Amino acid sequence: MMQFLIDKMHDARFLTMMLAAIAASATAYSLVMPLFAGNDLAKRMKVAASERERIRARERERLSKTEKVSLRQAPKQIVSKVVQGFNLGKWVAQEAARSKLVMAGYRGQAPYMTFLFFRMVTPIVFFVGANLYVFGISHMEQSTPIKIGICLAAAYAGMQAPMIFLKNAISKRQLSVRRAFPDALDLLLICIESGMSIEAAFRRVSVEIGTQSVALAEELSLTTAELSYLQDRKVAYQNLADRTGLDGVKSVCLALMQSERYGTPLGQSLRVMAQENRDMRMNEAEKKAAALPPKLTVPMILFFLPVLFVVILGPTGIKVSAMQ
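This write-up is about the structure you can find in this document. Note that the structure is predicted; figures quoted are calculated from it, not measured. (Residues numbered from 1 in each chain as written. Predicted model: local features only at pLDDT ≥ 70, side-chain atom pairs only at ≥ 80, totals over all residues. Heavy atoms only, no water.)

Across its full length, the protein chain holds 14 helices and zero strands. Going from N to C terminus, the protein chain has its helices and strands arranged as α-α-α-α-α-α-α-α-α-α-α-α-α-α. Out of the 324 residues belonging to the protein chain, those deemed buried represent 31%. (Helix = DSSP H or I, 4+ residues; strand = E, 2+ residues; numbered from the N terminus. Buried < 20%, exposed > 50% of the residue type's maximum accessible area, 1.4 Å probe, protein only.)

This is the structure in structure tokens:
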């Protein structure tokens, strides 16, 4: 059985058919999944509402000095046992990971425990898989130190895999917030100039902007809750800036904090920052459009030109071979 699997793994025809089947399955999956996609906005706003209730309970507990109320959900039992049993909080913990998890939209102790769990599990899985492939399946004609180096490199890749996943999640979330933030500033400006308070303005904007960016709607909803229940309002603005990690959001939060401290009007500042964020969004789109021709050069050389040469020179070659 093992020899049969090894022969199949080295069979070019079998590998081609398997890759074609995977490509067809991925295409069908990408076409069918949007039909079964749920209402992500409603689910995320429900999570934000539950977070608001937790903040309210925590602040009421702090004011009344009663029994402490937990703000976050507990992690799964098996993950918690593994993390506590191996003391992963001491060996593989990273302080920067907590802030990165928040920036990616994962809040509480449960995501952090899960992150530590996968920081331990993925290197082991990658190392064992590399050993099975290098020493058992492929029969590589390399020296033993090179094989061991490949296995160690796979283990290192497994250790970095959770951080790579986290960075990708942060990039996607920041992109969603960055694209919708200028429109949110315009809505916020309209709400403030109409006489709304900052809490009511944030609440209204979080509802309206949800169809464009679920992440931004969630962050604004949490900021509304923190403005309502935190003792220091500047902490709510600082938390919003830390959760997003965007320069445009940080500048707006700084203007809001200065307005809270000195009583300066927000209308003109928000109008200027909305225009700046809109210009930044347009500049980013122009950069991507300008970078498209160089990126298309290599695919055109590799895929389009050979086919074009075959189409143009093919009939001539056939005629020349027929004349001979």
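Here the narrative resumes, following the displayed structure.
Orientation of helix α8 (residues 144-193) relative to helix α10 (residues 214-229), taken along the N-to-C sense of each, is 70 degrees, at an axis distance of 7 Å. Our classification of the angle between α8 and α10 gives roughly perpendicular. Across the interface between the two elements, R173, S176, V177, A180, F181 and A184 from α8 touch A215, L216, E218 and E219 from α10. In terms of residue class, the contact of α8 with α10 is made up of six nonpolar, one polar and three charged. (Axes fitted to C-alpha atoms, helices over the stretch in contact; angles between N-to-C directions. Parallel < 35°, antiparallel > 145°, perpendicular 65-115°, else oblique. Contact = heavy atoms within 4.5 Å. Nonpolar A, V, L, I, M, F, W, Y, C, P; charged D, E, K, R; others polar.)

On to the pattern of salt bridges. Side chains that carry opposite charge are capable of pairing whenever their charged atoms lie near each other. Tallied over the entire structure, the rule returns nine salt bridges. Among the salt bridges present, the one from R271 reaches E193, with a minimum N-O distance of 2.7 Å. Highlighted residues: R271 in helix α13 (residues 267-290) and E193 in helix α8, separated in sequence by 78 residues. The exposure class assigned to R271 is partly exposed, which follows from its relative accessible area of 37%. The salt bridge partner of E226 is R243, with a shortest N-O separation of 3.4 Å. (Salt bridge = Lys/Arg side-chain N within 4 Å of Asp/Glu carboxyl O.)

Tracing the backbone shows S259 in helix α12 (residues 247-262). Leave out the neighbours within four places in its chain, and S259 touches T264 and L266.

Time to look at the nonpolar core. L188, I198, F202, L216, Y237 and L270 are the most contacted members of the largest nonpolar core, which totals 35 residues. Among the elements that take part in this core, α8 stands out by supplying nine residues, more than any other. What L216 contacts, discounting residues up to four positions off in sequence, is V177, A180, F181, A184 and I209. In this structure, A97, L116, M163 and A169 belong to the second largest nonpolar core, which totals eleven residues. (Core = buried A, V, L, I, M, F, W, Y, C linked by side-chain atoms within 4.5 Å.)

For the rest of this paragraph, the subject is α10. Its 16 residues place the ends of α10 23 Å apart at the C-alpha level, agreeing with the 22 Å of an ideal helix rising 1.5 Å per residue. Within α10, 14 of the 16 residues are buried, which leaves the element mostly enclosed by the surrounding structure. For α10, the capping residue at the N-terminal end is S213, with a side-chain oxygen 3.2 Å from the backbone nitrogen of L216. (Expected span 1.5 Å × (residues − 1). Polar contact = N/O pair within 3.5 Å; in protein donor to acceptor, adjacent residues only side chain to side chain.)

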